[in-house]
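What follows is the residue order along each chain.
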Amino acid sequence: KGAYFSAADQMVACGIGHVRVYTEYASETTFNQEIGIDGIDDGVNVVWDPDALKPTRSDAMWCFVPVDMTKDAAKEKWPDKQWDAPLQMPIPDYLVNWWTDDYVRVTEYWRKVPTKKELALLPNGSILDLTDDEDGAKRADAEAAGARIEKRDAHKVERYVISASEILEGPEEWPGSMIPIVPMIGEEIKIGREIMRRGIIRQLQDVQRLYNYAISADAEAVALQPKAP
């Protein structure tokens, strides 16, 4: 529940929050995996494919999930990578925040890679996936059974972990058809090429300022009144 509460707080305050779907082994002594929901601490900084139109971002082709970590932790986890800012060349503006004296930025990069699937529709209505049929045995059986075979456009989801200059991990294939980052969006309006997004708090700012002014003026008036002996 904490993941949902955190994403909802970000949605109310900033207009957008996120949770992630992940898999893990059920225990240390089994190969069975379980699906879980986890939060994203800095969900406001998640960057989506600007061509995605659906509120769920299920049509997005890529997504970035950045996280800032201490330089010592990054060196310990990826000891063979470069974690110091280059000194021989000026750093572009879009990479300025990727290096500081104590922190570095590491980003998950999710992307959809176009691929092809070959499916066979058997006479009994069942569907057989022939995509990974390297020796052709499944295809031969399907043809012998009178199946209808078609090729379909599809995609697979890959995960990378990157720094400002290197690929730290990946590609790692995700066992699903959609990027496992789920947005929770408040009020969102697209005007031309720009997306205007806001939460509940933005509309209450002027009201809160007026209330604060009224309370301050009331306290000042009480403080200036003479006290009866």
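This text goes with the structure placed above it.
### Considerations on the overall build of the chain
Here is step 1 of the chain: When helices and strands are counted, the chain shows 4 helices and 11 strands.
Here is step 2 of the chain: A compact globule built from 229 residues should have a C-alpha radius of gyration of about 17 Å, whereas the chain, at 26 Å, is more than 25% larger.
Here is step 3 of the chain: Along the three orthogonal principal directions, the C-alpha set of the chain runs to about 105 × 50 × 45 Å.
Here is step 4 of the chain: Looking at the chain as shown, the accessible area adds up to about 16,400 Å², and 54% of this sits on carbon and sulfur atoms.

### Concerning the layout of surface pockets
Here is step 1 of the chain: Of the pockets and cavities examined, the largest pocket occupies roughly 620 Å³.
Here is step 2 of the chain: If you go around the largest pocket, you meet 29 residues; those closest to its centre are Arg20, Val65, Val67, Glu108 and Arg159.
Here is step 3 of the chain: At the level of elements, strand E1 (16–25), strand E2 (33–39), strand E4 (62–70), strand E5 (103–121), strand E7 (148–162) and strand E8 (167–174) are the ones that each hand at least two residues to the lining of the largest pocket.
Here is step 4 of the chain: Considered class by class, the residues forming the lining of the largest pocket number 13 nonpolar, 4 polar and 12 charged.
Here is step 5 of the chain: Taken as a whole, the second largest pocket holds about 230 Å³ of empty space.
Here is step 6 of the chain: Lining the second largest pocket are 14 residues; nearest its centre among them are Trp48, Asp49, Pro50, Ile195 and Arg197.
Here is step 7 of the chain: Residue contributions to the lining of the second largest pocket peak at 3 residues, all from strand E11 (residues 194–198).

### Describing the packing of aromatic side chains
Here is step 1 of the chain: Summed over the entire model, instances satisfying the criterion amount to 5 aromatic pairs.
Here is step 2 of the chain: For the pair Trp62 and Phe64, a centre-to-centre distance of 5.3 Å together with 65° between the ring planes defines the contact as edge-to-face.
Here is step 3 of the chain: For the pair Trp78 and Trp83, a centre-to-centre distance of 5.9 Å together with 40° between the ring planes defines the contact as tilted.
Here is step 4 of the chain: What makes Trp78 buried here is its relative accessible area of 7%.
Here is step 5 of the chain: These aromatic residues form a ring-pair network of at least three members: Trp62, Phe64, Tyr109 and Tyr160.

### Comments concerning helix H4 (residues 200–224)
Here is step 1 of the chain: Between its first and last C-alpha atoms H4 spans 37 Å; for 25 residues at 1.5 Å apiece the expected length is 36 Å, and the two agree.
Here is step 2 of the chain: Bending of H4 peaks at approximately 35° at the position of Asp206.

### Side note on a nonpolar patch on the surface
Here is step 1 of the chain: Together, Val12, Ile200, Ile201 and Leu204 line one region of the surface with nonpolar side chains, adding up to about 340 Å² of accessible area.
Here is step 2 of the chain: At 3 residues, the largest contribution of residues to the nonpolar patch is made by H4.
Here is step 3 of the chain: With respect to the helices and strands, the residue Leu204 is situated in helix H4.

### Remarks on empty space enclosed by the protein
Here is step 1 of the chain: Enumeration according to the criterion identifies 1 cavity of 30 Å³ or more in this entry.
Here is step 2 of the chain: Here the largest cavity defines a volume of roughly 40 Å³.
Here is step 3 of the chain: Residues of the lining of the largest cavity, tallied by class, amount to 5 nonpolar, 3 polar and 1 charged.

Calculation notes
Residues numbered from 1 in each chain as written. Predicted model: local features only at pLDDT ≥ 70, side-chain atom pairs only at ≥ 80, totals over all residues. Heavy atoms only, no water. Helix = DSSP H or I, 4+ residues; strand = E, 2+ residues; numbered from the N terminus. Rg over C-alpha atoms; globule rule 2.2 N^0.38 Å. Areas by Shrake-Rupley, 256 points an atom, 1.4 Å probe, with all protein chains shown as cover. 1 Å grid on protein atoms, 1.4 Å probe; cavity = no way out; pocket = protein on both sides within 12 Å on 5 of 7 lines; lining within 4 Å. Points joined across faces, edges and corners; volume = space filled by probe spheres on them. Nonpolar A, V, L, I, M, F, W, Y, C, P; charged D, E, K, R; others polar. Phe/Tyr/Trp six-rings, centres within 6.5 Å; stacked < 30°, edge-to-face > 60°. Buried < 20%, exposed > 50% of the residue type's maximum accessible area, 1.4 Å probe, protein only. Expected span 1.5 Å × (residues − 1). Bend = angle between axes of the 7 residues up to and from the residue. Patch = residues over 30% accessible without salt bridge, like charges linked within 9 Å, V, L, I, M, F, W, Y side chains within 5 Å. Salt bridge = Lys/Arg side-chain N within 4 Å of Asp/Glu carboxyl O.

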